[in-house]
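Breakdown of the fold
Below are the chains, spelled out letter by letter.
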Amino acid sequence: MISKLGFSSDDRLLIINADDFGITKGTNEAIVSLFEQQAITSTSIMFPCPAAREALELSNQKVLDNIGIHLTLTSDENHSYSPVFQERPLKSLINKDGNFHNDISYIEKNADDEVRIEIF
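Notes on the structure follow. (Residues numbered from 1 in each chain as written. Predicted model: local features only at pLDDT ≥ 70, side-chain atom pairs only at ≥ 80, totals over all residues. Heavy atoms only, no water.)

Of note in this structure, Asp20 is not a glycine but carries a positive phi near 70 degrees. With respect to the helices, strands and loops of the structure, Asp20 is situated in strand 1 (residues 17–21). Even without glycine at this site, Gln38 takes up a positive phi of about 55 degrees. Mapped onto the elements of the fold, Gln38 is located in the loop between helix 1 (25–36) and strand 2 (42–45). (Helix = DSSP H or I, 4+ residues; strand = E, 2+ residues; numbered from the N terminus.)

In this section: a nonpolar patch on the surface. Taken together, the side chains of Phe47, Leu56, Ile69, Leu71, Val84, Ile119 and Phe120 define a hydrophobic patch exposed on the protein surface, amounting to about 700 Å² of accessible area. Along the polypeptide, Leu56 turns up in helix 2 (residues 52–61). Accessibility expressed as a relative area gives 36% for Leu56, which makes it partly exposed. (Patch = residues over 30% accessible without salt bridge, like charges linked within 9 Å, V, L, I, M, F, W, Y side chains within 5 Å. Areas by Shrake-Rupley, 256 points an atom, 1.4 Å probe, with all protein chains shown as cover. Salt bridge = Lys/Arg side-chain N within 4 Å of Asp/Glu carboxyl O. Buried < 20%, exposed > 50% of the residue type's maximum accessible area, 1.4 Å probe, protein only.)

Printed below as a string of structure tokens:
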């Protein structure tokens, strides 16, 4: 059926993305549940996070559609993340502990071509 605006009932008018898939086990469970309830239409996985491997396994077991990548170049006050690329230290992206910096402005001012290495 076509609405007055010209959309069919199969047209998607709203995308609801659940961010941070892989950040914690609880977040993963919530995102899977929301997919099963058809309350969300996509998610984005954060690969440097501790529950990212579980998120990948869940996405394969549950056949979750529409999963993107949440590019991660910083940590936050509660979580420290390290680069996915581990062949050599990405010195412009990490602090003395080997984790991403918490300060976004530091990355904006100091990151170099190592950003390309991490995201590709």
